[in-house]
Amino acid sequence: CMARTCLMFRSPFLKTLYDKRWVILAWSLGAFIMNLVIVWIFPDFKDPRLNDAFKNLPETLQAFAGSLDINTIEKYVDSQVFFNNGSIIFWILGISIGVNLFATEEDRGTLETTLATKIPRGRLYFEKFLAMIAIFSVVNLAGIAAIWLASVIIHEPISVLRLFQAGAVLLAFTTLLGSFSFGVGAMTGRKNLAIGLPVVTLVAMFLLYTFAQSIDWLKGWDKATWNYFYSHGRTFINGIDYSDISVLIVSTAVFALAGWLVFRKRDLR
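The paragraphs below set out a description of the structure included in this document. (Residues numbered from 1 in each chain as written. Predicted model: local features only at pLDDT ≥ 70, side-chain atom pairs only at ≥ 80, totals over all residues. Heavy atoms only, no water.)

**What about the overall build of the chain?**
So the rule is basically this: Helix numbers and strand numbers start at the N terminus; a helix is a DSSP run of H or I with at least 4 residues, a strand a run of E with at least 2. What makes two residues a contact is simply this: any of their non-hydrogen atoms within 4.5 Å. Only the protein chains shown count as cover for residues, and all accessible areas are computed by the Shrake-Rupley method using a 1.4 Å probe.
The number of helices and strands found in the chain is 15 helices and zero strands. Sequence separation of 24 or more characterises 74% of the internal contacts of the chain that already satisfy a separation of 6 or more. Accessible surface, the chain: about 13100 Å² in total, of which carbon and sulfur atoms supply 67%.

**Here's the deal with the layout of surface pockets**
Heads up, the condition is: Think of a 1 Å grid over the protein atoms and nothing else: a 1.4 Å probe that fits but is trapped marks a cavity, an open set flanked by protein within 12 Å on at least five of seven lines marks a pocket, and residues with an atom within 4 Å of a point count as lining. Grid points are joined across faces, edges and corners, and a volume is the space filled by probe spheres set on the points. In the scheme used here, Gly and all other residues not listed as nonpolar or charged are polar, with Ala, Val, Leu, Ile, Met, Phe, Trp, Tyr, Cys and Pro taken as nonpolar and Asp, Glu, Lys and Arg as charged.
Of the volumes computed, that of the second largest pocket is approximately 270 Å³. As for the second largest pocket, its lining consists of 16 residues, and the residues nearest its centre are Lys15, Asp19, Glu105, Thr114 and Lys128. Those elements that place two or more of their residues in the lining of the second largest pocket are helix H2 (12-19), helix H8 (103-108), helix H9 (110-115) and helix H10 (121-153). Take the lining of the second largest pocket: its biggest share by element is four residues, from H2. For the lining of the second largest pocket, the per-class residue count stands at four nonpolar, six polar and six charged.

**Examining the nonpolar core**
The cut-off we apply is this: We call a set of buried residues a nonpolar core when its members are Ala, Val, Leu, Ile, Met, Phe, Trp, Tyr or Cys and they connect through side-chain atoms within 4.5 Å of each other. With a 1.4 Å probe rolled over the protein chains alone, any residue whose accessible area is under 20% of its type maximum counts as buried; one over 50% counts as exposed, and the rest are partly exposed.
Among the nonpolar cores identified, the biggest contains 69 residues, and Val77, Phe82, Phe173, Trp226, Leu248 and Phe263 are the most heavily contacted of them. Per-element accounting of this core gives the leading share, 12 residues, to helix H11 (residues 160-188). If near-sequence neighbours (up to four positions away) are discounted, leucine 248 is found in contact with Val169, Ala172, Phe173, Leu176, Trp226, Phe229 and Tyr230.

**A look at the packing of aromatic side chains**
Here is the rule we go by: Two rings from Phe, Tyr or Trp (for Trp, the six-membered ring) form a pair when their centres sit within 6.5 Å of each other. Planes less than 30 degrees apart are called stacked, planes more than 60 degrees apart edge-to-face, and all others tilted.
Taken as a whole, this structure holds 19 aromatic pairs when the rule is applied. Taking 6.0 Å as the distance between ring centres and 85° as the angle between the ring planes, the aromatic pair formed by tryptophan 91 and phenylalanine 173 counts as edge-to-face. With a gap of 82 residues between them, tryptophan 91 in helix H7 (residues 85-101) and phenylalanine 173 in helix H11 connect regions that are remote in the sequence. Here tryptophan 91 matches phenylalanine 173 in class, with each residue buried. Here phenylalanine 129 and phenylalanine 182 contribute two aromatic rings whose centre-to-centre distance is 5.5 Å and whose plane-to-plane angle is 75°, an arrangement assigned as edge-to-face. Of this pair, phenylalanine 129 sits in helix H10 while phenylalanine 182 sits in helix H11, and the two are 53 residues apart along the sequence.

Shape descriptors only; they carry no functional weight alone.
This is how it looks when you write it as structure tokens:
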């Protein structure tokens, strides 16, 4: 047992997962409960009168709410889980974990202490990055499990393949947001920047993507946002668009590489 414990604390990957075990549990429970409740109440949305009422809303409000054609389980899960309510928790997760694993640790002084143990910067950086992806994956699986369980409870069969495909795209988007925060934190060591830049960027892109659906002079500008590549393909209904998920993955790699190139030579604060 002592040997395994020592090995764990020599591995930044395992140590990060161990340190964040309660965080992982809390986020997983949150994602599970939220998705379970959202899908559980689907039968209340099958009333055609409710669907007609939604369609009479202004186009801008419809864009904020996602697709309002939600009278089938596939359209409902795609809109209300993977686009709207259920995905927001992953946006917050991505940024908060990305900040916490680097900028927050440097702010506390623990990052410098870790490097004093002679762990190479490259190993520390990339193992922490992989631990971040592992955290996102566990929480994502909890959310997927909740969707499947709720569909069984309400007797609405869904495609498990489509469920995992939509989960994979959500994981890619979450990882992109996490890599943005992670990379900014690694480049600057400043927690406020690691939070502020991703939040401002995400809000700006969300608003641009939303209003581009209903304002003529903004038509086409939605393609300048990550939200477009995440949601426009409606993965849970149509399956993965590999060109879209490739954009998310390449963007993630850019932030990860930029963070590493600066961090490897930067003096810690």
